Amino acid sequence: MRAVVFEEFGDRSVLRVQDRPDLSPGPGEALVLVGASGVNYMDVYQRTGTYQVPLPATLGSEGAGTVLQLGDGVRGLAPGDRVAWTAVPGSHAEQALVPAERLVPVPDGITTEQAAAVLLQGLTAHYLTHDSFAVRPGSTVLVHAAAGGMGQLLTRIATHLGGRVIATASTPEKRDLAEAAGAVRAVPYDAAADTVDELTGGAGADAVYDGVGADTFDTSLRVLRPRGTLVLFGAASGKVPPFDPLRLMAGSYFLTRPTLGHFIATRRELLERAETLFGWVAESVVDATITGRYPLDEVVSAYETLESRRSTGKLLIIP
Ligand code: NDP
């Protein structure tokens, strides 16, 4: 079977499509024929070594497909079932081995591509809007990079929960997408502070969802209301430099730097969030906007599109 492998950390040139021995499921595992696999910033952090993973590694942290074979002890699944998973490495491949307890059944009415497109980012948007900062009717939140994969989902879900989203994005086309996803106003990054000021009558935002990191962190702190929450959930522009906690005293702010794994740690939590998420897809609360499909051989091109800020919505690898 073919897979996207990297043997050292580095830029996109370290990625190779290799023929690997066929996989066989061990106890508690399922062998899955991968139908589609999501392209995520998490994969960039793993490839570059920002997040250290054992090498050699197969790229890809999210996928959906069909169960081929089950290892000993797996209950409740059968060959032919459609499933999706995230936070398990190795999905940019024709086949993947996944612990059965990390598999989510894909309901009828949701396509395999839709499942691969929404699972990682949708589960993330779910916990960010329910647990990191609970969006309620009337909450005002600033969402950075709101035309991106995470950004559009966050904007749609926060709006669905009754929140008012102010968005940032780099180009007019991206800002149109953010407004189409529900933002009341989408502006360039350097207009964020004035816009929050204007739309909140000087009060400040209840929360900021910041997946951009280094370039936006200072603005994100500046636009919060007293006791507001900065949810720093990524670093698309680079890591935020070391930070003096005394800066939080300016508004008794809350700062959190969450990661998905802690919010789907139990099977129950994984299934509950996934059920809500797939319900939102079925009801078109969120739409899995797939803007690019790439075969394994074009994996470098997929990541070039993501990393050069040319992508909007979701990119998929179709093995
Ligand atoms: P996106 O589709 O959002 O792509 C990143 C976007 O960030 C770009 O399109 C760009 O939008 C913006 N950006 C701003 N500055 C830069 C820069 N210097 N270089 C590149 N992009 C920049 O990616 P994802 O939806 O996959 O991920 C968004 C963030 O969410 C990432 O930081 C990722 O790590 C994080 N994440 C965190 C998770 C968690 O649990 N903590 C889980 C999943 C994702 P624009 O052109 O409008 O500026």
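Per chain, residue numbering runs from 1 following the sequence as it is written. Reporting of local features is limited, given that this is a predicted model, to residues whose pLDDT is at least 70; pairs of side-chain atoms are given and counted only at 80 or more, and all residues count toward the totals for whole chains, interfaces and linings. To get the side-chain values, take all heavy atoms of the structure and skip hydrogens and water.

**Q** Where do I start with the overall build of the chain in this structure?
**A** Counting secondary structure elements, the chain contains 8 helices and 16 strands. In this description the radius of gyration comes from C-alpha coordinates, and the expected globular size is given by 2.2 Å times residues to the power 0.38. Scaling as 2.2 N^0.38, a compact globule of 319 residues should have a C-alpha radius of gyration of about 20 Å, and the chain matches this with 20 Å. Exposed residues in this analysis have more than 50% of their type's maximum accessible area, buried residues have under 20%, and partly exposed residues fall in between, with area computed by a 1.4 Å probe over protein chains only. Looking at the chain as a whole, 53% of its 319 residues qualify as buried. The long-range share in the chain, meaning contacts at least 24 apart out of those at least 6 apart in sequence, stands at 68%. Across the chain, the 27 positively charged side chains and the 36 negatively charged ones have centroids separated by 4 Å. Helical segments are the DSSP runs of H or I of at least four residues, strand segments are the runs of E of at least two, and each set is numbered from the N terminus. Here a residue-residue contact requires only that any non-hydrogen atoms of the pair lie within 4.5 Å. His is not counted, nor are the chain ends; Lys and Arg add positive charge and Asp and Glu add negative charge. Every charge is mapped to an atom, namely NZ of Lys, CZ of Arg, CG of Asp or CD of Glu.

**Q** I keep staring at the packing of aromatic side chains and nothing clicks. Help me out?
**A** Ring pairs are drawn from Phe, Tyr and Trp, using the six-membered ring of Trp, whenever the two centres fall within 6.5 Å, and their geometry is named by plane angle: stacked under 30 degrees, edge-to-face over 60, tilted for the rest. Under the counting rule described, the total for this entry stands at 5 aromatic pairs. Taking 6.5 Å as the distance between ring centres and 50 degrees as the angle between the ring planes, the aromatic pair formed by F6 and F9 counts as tilted. For F6, a relative accessible area of 0% gives the class buried. Taken together through their ring pairs, the aromatic side chains of Y41, Y45 and Y51 make up a single cluster.

**Q** Got a minute to help me understand the packing of helix α2 (residues 112-132) against helix α3 (residues 149-160) in this structure?
**A** Packed helices, taken two at a time, are described by their axes: the angle between them and the distance between them. Axis lines are fitted to C-alpha atoms, over the contacting stretch for helices. Their N-to-C directions set the angle, which ranges from 0 to 180 degrees. Contact geometry of α2 with α3 gives a least axis separation of 9 Å together with a crossing angle of 45 degrees. When the axes of α2 and α3 are compared, the pair comes out oblique. Crossing of α2 over α3 shows right-handed handedness. Here α2 contributes Q121, G122, T124, A125, L128 and T129 to the contact with α3, which in turn contributes G149, M150, L153, L154, I157 and A158. Each angle gets one of four labels, with under 35 degrees taken as roughly parallel, over 145 as roughly antiparallel, 65 to 115 as roughly perpendicular, and the rest as oblique. The crossing is said to be left-handed when, going from far helix to near helix, the turn is anticlockwise and less than a right angle, and right-handed when the turn is clockwise.

**Q** What is the right way to read the sheet that holds strand β13 (residues 224-232) from this model?
**A** Each strand in a sheet pairs with another by means of backbone hydrogen bonds, the pair being arranged parallel or else antiparallel. Pairing between two strands is assigned when DSSP locates at least 2 bridges connecting them. Pairing is parallel in the open sheet, where 6 strands are placed in the order β11-β10-β9-β12-β13-β14. Among the strands making up the open sheet, the edge pair consists of β11 (185-187) and β14 (254-256). The mean inter-strand angle of the sheet, taken between neighbouring strand axes irrespective of direction, is 15 degrees. Pairing geometry for strand β10 (residues 164-168) and β11, over 3 bridges, is parallel. In the sheet register, A167 faces β11, and the bridge partner there is A186. Those strands touched by α2 are β12 (205-210), β13 and β14, and its axis lies near 150 degrees from that of β13.

**Q** I keep staring at the site of the ligand and nothing clicks. Help me out?
**A** Nearness is judged by heavy atoms alone; a residue qualifies as near a molecule or strand once a single heavy atom is within 4 Å of it. Surrounding the ligand, one finds 28 residues, the nearest of these being S170, K174, Y189, G211 and R309. N or O atoms closer than or at 3.5 Å make up a polar contact, with two conditions inside protein: a donor-capable atom paired with an acceptor-capable one, and, for residues adjacent in sequence, both atoms drawn from side chains. Contact distances for the ligand include 2.9 Å between an oxygen atom and a side-chain N or O atom of Y45. Measuring from an oxygen atom of the ligand, one finds a backbone N or O atom of M150 at 2.8 Å. Every accessible area reported is derived by Shrake-Rupley at a probe size of 1.4 Å, with residue values counting cover from the shown protein chains alone. Compared with its free state, where it exposes 910 Å², the ligand has 93% of that area covered by protein. Taking a 2 Å distance to the grid points as the criterion, the majority of the atoms of the ligand fall inside the largest pocket. Of all the elements in the fold, those that place two or more residues in the shell around the ligand are α1 (41-48), α2, α3 and α8 (299-307). The method works on a 1 Å grid over the protein atoms by themselves. A cavity is a set of points holding a 1.4 Å probe that cannot get out, a pocket is an open set with protein on both sides within 12 Å along at least five of seven lines, and residues with an atom within 4 Å of a point line them. Think of it this way: a molecule belongs to a cavity or pocket when more than half its atoms come within 2 Å of the grid points there.

**Q** Even after reading the chapter, I still don't get the domain arrangement of the chain, so can you show me in this structure?
**A** It is common to give the size of an interface as the accessible area that goes away when the parts come together. Each domain of the chain was delimited in the assignment, giving domain 1 (2-120 + 261-317) and domain 2 (137-257). Segment limits for the domains were obtained from an automatic or database-derived domain assignment. Once you take the C-alpha centre of each, domain 1 and domain 2 turn out to be 28 Å apart. Counting from both sides, the interface comprises 12 residues of domain 1 and, opposite them, 16 residues of domain 2. By buried area we mean how much accessible surface two parts lose on assembly, using a 1.4 Å probe and totalling the loss over both. Taken as a group, V285, R309 and T312 account for 33% of the area that domain 1 buries against domain 2, more than any other trio of residues on that side. What makes a salt bridge here is a side-chain nitrogen of Lys or Arg within 4 Å of a carboxyl oxygen of Asp or Glu, nothing more. Linking domain 1 with domain 2 are 1 salt bridge, by the criterion used here.

**Q** Explain the nonpolar core to me, please; I cannot follow it from the model alone.
**A** Nonpolar side chains tend toward joint burial in soluble globular proteins. Throughout this description, the term nonpolar core refers to a set of buried Ala, Val, Leu, Ile, Met, Phe, Trp, Tyr and Cys residues connected via side-chain atoms within 4.5 Å. With 49 residues, the main nonpolar core has L123, L128, V141, L154, Y209 and F278 as its most contacted residues. Those elements giving two or more residues to this core turn out to be α2, β9 (140-143), α3, β10, β12 and α7 (267-282). Here this core takes 10 residues from α2, the largest share from any one element. Both domains that furnish three or more residues to this core are identified here as domain 1 (2-120 + 261-317) and domain 2 (137-257). The contact partners of F278, leaving out residues within four places of it in the chain, are V104, P105, P107, I110, A115, V118 and L119. Counting residues in hydrophobic clusters, the runner-up holds 17 residues, among them L59, Y294, V299 and L306.

**Q** How should empty space enclosed by the protein be read in this particular structure?
**A** If a probe as big as a water molecule is rolled over the atoms, it shows which places are left empty. Grid points are joined across faces, edges and corners, and a volume is the space filled by probe spheres set on the points. Inspection of the entire model under this criterion finds 1 cavity of 30 Å³ or more. A volume near 80 Å³ is recorded for the largest cavity. Along the walls of the largest cavity sit A117, V118, Q121, G149, Q152, L153, R156, D287, A288, T289, G313 and K314, which together make up its complete lining. Under the scheme applied here, ten amino acids are nonpolar (Ala, Val, Leu, Ile, Met, Phe, Trp, Tyr, Cys and Pro), four are charged (Asp, Glu, Lys and Arg), and all others, including Gly, are polar. In the lining of the largest cavity, the residues fall into 4 nonpolar, 5 polar and 3 charged.

**Q** Would you mind showing me how to read the side chain of T200 here?
**A** Among the structural elements, T200 can be located in the loop between α5 (192-199) and β12. Residue T200 is classed as buried on the basis of its relative accessible area of 14%. Setting aside residues up to four positions removed in sequence, T200 forms contacts with T140 and R164.

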